[in-house]
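In case you want the letters, here they are:
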Amino acid sequence: MSVLTRAEHGASRAASGTAHDGGNTRRSRTKLPPEEPAIPQRKGGTAGYWLYLLPGFVLLLVIIVIPLVFNVYLTFTRWRGVRTPEFIGLDNWVKIFGDEDFWTSFANSVWMVIAMVVIPTIVGLIVAALLFDVVGRKFGGKVGSFLRATYYLPQILPIAVAGIVIGWIFRPGATGAMNQLLGTVGIGPVDWLGQMPSALLVLMAVLVWVQIGYPIVVFMAALQRVDPELYEAAELDGANWFQRFSAITLSIIRPEVFVVTLTCTIAALKVFGPVYVITQGGPAGATLVPAYYAYTEFFTKRNIGYGATIATVLTILVVIVSIIFIRVQSSLERKERAGL
Amino acid sequence: MAATTAIVTGKPRRARGGMTKKRPLDWVLLALVVIGALIVIVPFYLIVVNAFKSPVDYATSGPFSLPQAIDLTGIQNFWERVNFPEKVWNSIFISGIVSLLAVLISVLNAFAIGIGRVRGRTWIVLLFLLANLLPQEALLYPLYYMFKSVDLYDNVWSVIIVFTVVQAAFGTYLLSSVYGTFPKELLEAASLDGATRWQILWRVVFPISRPTLAVLLIFFFIWTWNEFLIPLTFLASNANQTVPVAISVLQGDRLMDVTTTAGSALLGIIPTLIFFLIFQRTLTRGITAGAVK
């Protein structure tokens, strides 16, 4: 299970001050070596270390585990948030499968995945390769890192603020920046957020804009691991840029592609802020996503049990996606090691 | 979240072999990347330019032109309406305490997992990782209910506790593998000199891993600053809100004029830009500290 391997590698170097070859170290570090504790033991084995885990475990129990269990319990109840929850068995679970809004919200998650995973990963790969290979090599590393920083900028913007900016640019009527711009070329004001498909497209555009810097930065860091000699050898053998890219680069940075797709897919499933700020799920539920749906059930409609059911389905989905990704990656890694 | 991870490593490689000959195609490709970057920063440009316009100026000259005269009423409107300094202080207080506590918890956990190698550590790490990946919606109502019953609802400490746990979960995951490769000789030497575990943690492990911890600290700060759902839900009263929540709450008011919106966005972005600069430097430090051969 080595999502984030590369980062760990970098961070571990930072921590230990021991730099290894820096080249092809790509083994998984998450599976810790099975040997003895690193500090020689006097008595009692590793048991004493549990004391150090105590604060973390207590907090985890109170803030994560208990609420999570409570939430699952709530899926079997009807509750308005006052008095005690009323046990109703599987009613919420039956209801959710016949609920059109629920299916719409998950269908919209697919659009969120396209906006936050598919497009950023593909475009990110291209931009990172260009920045590293063309800009960095021919125009200097400074130009490359400056452009990289520019692409990264929206990533550190609070998502709520990003949403406001975009909401303002696509404001209906003549005061929105987009409509102002279109007005100068004689196109009448468009109600961007009030109709389909533009509302969904605007939402997706925001997510692409926010997300794009992340894969670029990750992939550029990964590209440093590619041995230039490998490239030069391929070049001498007459491989063109695309052949070199697909045969060498892609196979070497595959762990990073995994990390990016996993983390972005999870983020896409959980997306809430932009929907809350920009479209409120509208027009008429057209941009509804599960997280926002659960939120409105909790706090607007006060159907706590039903909101909990939506949140639980979302959680199950996130866990399944994580497990699949981690499984696939570790099996690929095992194959690769066996092949070597 | 994971925005982080890679940046930790991201040091641009120097152009190999100096600058080689540039073909026309290289210029075309450069132009493409630059155009992409321009598209990315257009919204930032729009904010900065329009935050300093008067409504009349905006109506006549449009969003893309520079302001005819510097007009601060938009910014001032927003500043006063949300009591901006108060919101900035809330955000700094929450993010600051969270990042300190979360690093502390991460260090303790990672010490037990990475160096102590407690039994079942792979599962423990997975447990923490899942705690970080979970959708917050699945905890939202139970936490809301719990905080209400212990009288922490609408109190910044509710948000602080939640994010300490969420960030520490990620920190534990990352730091455990870092500590898993900690140089054994150092630990053995300290142990032979009679140091207890507690002393080894604070006199050996902590100082050496300080660069990594600094990076974690900065990221925890930024992530917490940017959080939206939990602060929106748990910080109901105006006086407790964070910057992103205050901006979005005001946004609900559709009557707000364009220049005030731009002003609010500008004020929302400035702290971010400051972090951006700090964080670039911290990361470089973190990287160079580790790169000494």
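Residues numbered from 1 in each chain as written. Chains lettered and ligands numbered in written order. Predicted model: local features only at pLDDT ≥ 70, side-chain atom pairs only at ≥ 80, totals over all residues. Heavy atoms only, no water.

Asks: How would you sum up the overall build of chain A? Please name residues and give values.
Replies: The secondary structure content of chain A amounts to 15 helices and two strands. Contacts in chain A between residues far apart in sequence, at least 24 positions, make up 65% of those at least 6 positions apart. For chain A, the accessible area works out to roughly 14100 Å², and carbon and sulfur atoms hold 68% of it. (Helix = DSSP H or I, 4+ residues; strand = E, 2+ residues; numbered from the N terminus. Contact = heavy atoms within 4.5 Å. Areas by Shrake-Rupley, 256 points an atom, 1.4 Å probe, with all protein chains shown as cover.)

Asks: Summarise the layout of surface pockets; cite the residues concerned and give the values.
Replies: Estimates place the volume of the second largest pocket at around 600 Å³. Broken down by secondary-structure element, the contributors of at least two residues to the lining of the second largest pocket are helix H4 (100-139), helix H6 (159-169), helix H7 (177-184) and helix H8 (198-211) of chain A together with helix H2 (24-51) of chain B. Of the residues forming the lining of the second largest pocket, the biggest block, ten residues, is contributed by H2(B). Of the residues belonging to the lining of the second largest pocket, the class tally is 26 nonpolar, one polar and no charged. (1 Å grid on protein atoms, 1.4 Å probe; cavity = no way out; pocket = protein on both sides within 12 Å on 5 of 7 lines; lining within 4 Å. Points joined across faces, edges and corners; volume = space filled by probe spheres on them. Nonpolar A, V, L, I, M, F, W, Y, C, P; charged D, E, K, R; others polar.)

Asks: Help me get a handle on the pattern of salt bridges, residues and values and all.
Replies: Scanning all chains against the criterion turns up seven salt bridges over all chains. Between Asp26(B) and Lys138(A) there is a salt bridge; the shortest N-O distance is 2.8 Å. One end of the pair, Asp26(B), is in helix H2; the other, Lys138(A), is in helix H4, on a second chain. Note on accessibility: Asp26(B) and Lys138(A) belong to one class, buried. For the salt bridge of Glu235(A) with Arg244(A), the shortest nitrogen-to-oxygen distance reads 3.8 Å. The class for Glu235(A) is partly exposed, based on a relative accessible area of 38%. Owing to a relative accessible area of 9%, Arg244(A) belongs among the buried residues under this scheme. Connected through shared salt-bridge partners, Lys138(A), Arg23(B) and Asp26(B) make up one network. (Salt bridge = Lys/Arg side-chain N within 4 Å of Asp/Glu carboxyl O. Buried < 20%, exposed > 50% of the residue type's maximum accessible area, 1.4 Å probe, protein only.)

Asks: Explain the environment of Gly56(A) to me, and be specific about the residues and the numbers.
Replies: The residue Gly56(A) is located in helix H2 (residues 50-74) in this model. The residues contacting Gly56(A), other than those within four sequence positions of it, are Ile105(B), Asn109(B) and Phe128(B).

Asks: So what's going on with helix H12 (residues 254-270) of chain A? Which residues, and what values?
Replies: Under the 1.5 Å per step criterion, the end-to-end length of H12(A) is 24 Å for 17 residues, consistent within 8% with the ideal 24 Å. Within H12(A), 14 of the 17 residues are buried, which leaves it mostly tucked inside the rest of the structure. (Expected span 1.5 Å × (residues − 1).)

Asks: Residue-level account of the packing of aromatic side chains, with values.
Replies: Per the stated rule, a full pass over the model turns up 47 aromatic pairs over all chains. Aromatic side chains Phe170(A) and Trp192(A) sit 5.4 Å apart centroid to centroid with 75° between the ring planes, which places their arrangement in the edge-to-face category. Within this pair, whereas Phe170(A) is found in the loop between H6 and H7, its partner Trp192(A) is found in the loop between H7 and H8, the two being separated by 22 residues in sequence. For Phe170(A), a relative accessible area of 13% corresponds to the buried category. Centroid distance Phe170(B) to Trp223(B): 5.3 Å. Interplanar angle 80°. Geometry classified as edge-to-face. (Phe/Tyr/Trp six-rings, centres within 6.5 Å; stacked < 30°, edge-to-face > 60°.)

Asks: If you had to explain the side chain of Thr315(A) to someone new, which residues and values would you point to?
Replies: Positionally, Thr315(A) belongs in helix H15 (residues 304-339). Using a relative accessible area of 10% as the deciding quantity, one classes Thr315(A) as buried. Within the structure, the side chain of Thr315(A) is placed 2.7 Å from the backbone oxygen of Ala311(A), a separation counted as a polar contact. Beyond its immediate stretch of four places on either side in the chain, Thr315(A) contacts Leu134(B), Pro135(B) and Ala138(B). (Polar contact = N/O pair within 3.5 Å; in protein donor to acceptor, adjacent residues only side chain to side chain.)

Asks: I'd love a proper account of a nonpolar patch on the surface, names of residues and values included.
Replies: Residues Leu51(A), Leu54(A), Val58(A), Leu61(A), Val62(A), Val65(A), Ile66(A) and Val69(A) make up a contiguous nonpolar surface patch of roughly 680 Å² in combined accessible area. As for its position among the elements, Val65(A) is in helix H2. (Patch = residues over 30% accessible without salt bridge, like charges linked within 9 Å, V, L, I, M, F, W, Y side chains within 5 Å.)

Asks: Before we move on, can you summarise the nonpolar core with the specific residues and values?
Replies: Within the largest apolar cluster, 199 residues are counted, with the highest numbers of intra-cluster contacts made by Ile64(A), Phe272(A), Tyr179(B), Val205(B) and Phe234(B). Per-element tally for this core: the top contributor is H4(A), with 16 residues. Excluding residues that lie within four positions of it along the chain, Phe234(B) makes contacts with Leu140(B), Leu143(B), Tyr144(B), Phe147(B), Tyr153(B), Asp154(B), Asn155(B), Ser158(B), Val159(B) and Val162(B). (Core = buried A, V, L, I, M, F, W, Y, C linked by side-chain atoms within 4.5 Å.)

Asks: Any chance you could break down the environment of Asn303(A) for me, citing the residues and the numbers?
Replies: Topologically, Asn303(A) is positioned in the loop between helix H14 (290-299) and H15. Here the alpha-carbon distance between Asn303(A) and Thr77(A), two residues 226 residues apart in the chain, equals 9.7 Å.

Asks: Could you give an account of helix H8 (residues 156-180) of chain B, with specific residues and numbers?
Replies: In this model H8(B) runs 35 Å from its N-terminal to its C-terminal C-alpha over 25 residues, within 8% of the 36 Å that 1.5 Å per residue would give. N-capping of H8(B) is provided by Asn155(B), with a side-chain oxygen placed 2.8 Å from the backbone N of Trp157(B).

Asks: I'd like a description of the packing of helix H9 (residues 184-192) of chain B against helix H10 (residues 197-208) of chain B, backed by residues and values.
Replies: Residues and elements named next belong to chain B. Interaxial distance between H9 and H10 falls to 10 Å at its minimum, and their mutual angle equals 155°. Accordingly, the angle class assigned to the pair H9 and H10 is roughly antiparallel. Where H9 crosses over H10, the two elements pack in a sense that is right-handed. Every residue of H10 that contacts H9 at Leu186, Leu187, Ala190 and Ser191 is listed here: Ile200, Val204, Val205 and Ile208. (Axes fitted to C-alpha atoms, helices over the stretch in contact; angles between N-to-C directions. Parallel < 35°, antiparallel > 145°, perpendicular 65-115°, else oblique. Left-handed = near helix turned anticlockwise from the far one by under 90°.)

Asks: Describe unusual backbone geometry, listing the residues and the values that go with them.
Replies: All names here are of chain A. Between methionine 196 and the following residue, proline 197, the backbone shows a cis peptide bond with an omega angle of 0°. The topology assignment puts proline 197 in the loop between H7 and H8. Even without a glycine there, the phi angle at glutamine 280 is positive, about 50°. Of note, glutamine 280 is situated in the loop between helix H13 (273-279) and H14. By relative accessible area, which is 44% here, glutamine 280 ends up partly exposed.

Asks: Give a detailed account of the confidence of the model for chain A, specifying residues and quantitative values.
Replies: Per-residue confidence for chain A averages 83 on the pLDDT scale, and 86% of its residues sit at or above 70. Low pLDDT, under 50, characterises residues 1-33 of chain A; the predicted model gives this stretch 93 contacts beyond four residues in sequence or across chains. (pLDDT = per-residue confidence, 0-100.)

Asks: Talk me through the environment of Ile230(B); I want residue IDs and the actual numbers.
Replies: Residues and elements named next belong to chain B. On the secondary structure map, isoleucine 230 appears in helix H12 (residues 229-234). The class for isoleucine 230 is buried, based on a relative accessible area of 1%. For the pair isoleucine 230 and valine 204, spaced 26 residues apart in the sequence, the C-alpha separation amounts to 37 Å. Non-local contacts of isoleucine 230, meaning those with residues more than four positions away in its chain, are made with Gln136, Leu140, Val159, Val162, Phe163 and Leu235.

Asks: Lay out the confidence of the model for chain B with the relevant residues and their values.
Replies: Residues and elements named next belong to chain B. Of all residues in chain B, 87% have pLDDT values of 70 or greater, and the mean over the chain is 84. For chain B, per-element mean pLDDT is lowest for helix H1 (residues 3-7), which scores 41, and highest for helix H5 (residues 84-115), which scores 95. This stretch, residues 1-18, has a pLDDT under 50; its non-local contacts, to residues over four places away or in other chains, come to 59 contacts. Across residues 284-293, where pLDDT falls below 50, the model places 18 contacts with residues more than four positions away in sequence or in other chains. Overall fold confidence (pTM) sits at 0.85, and the ipTM for the predicted complex is 0.85.

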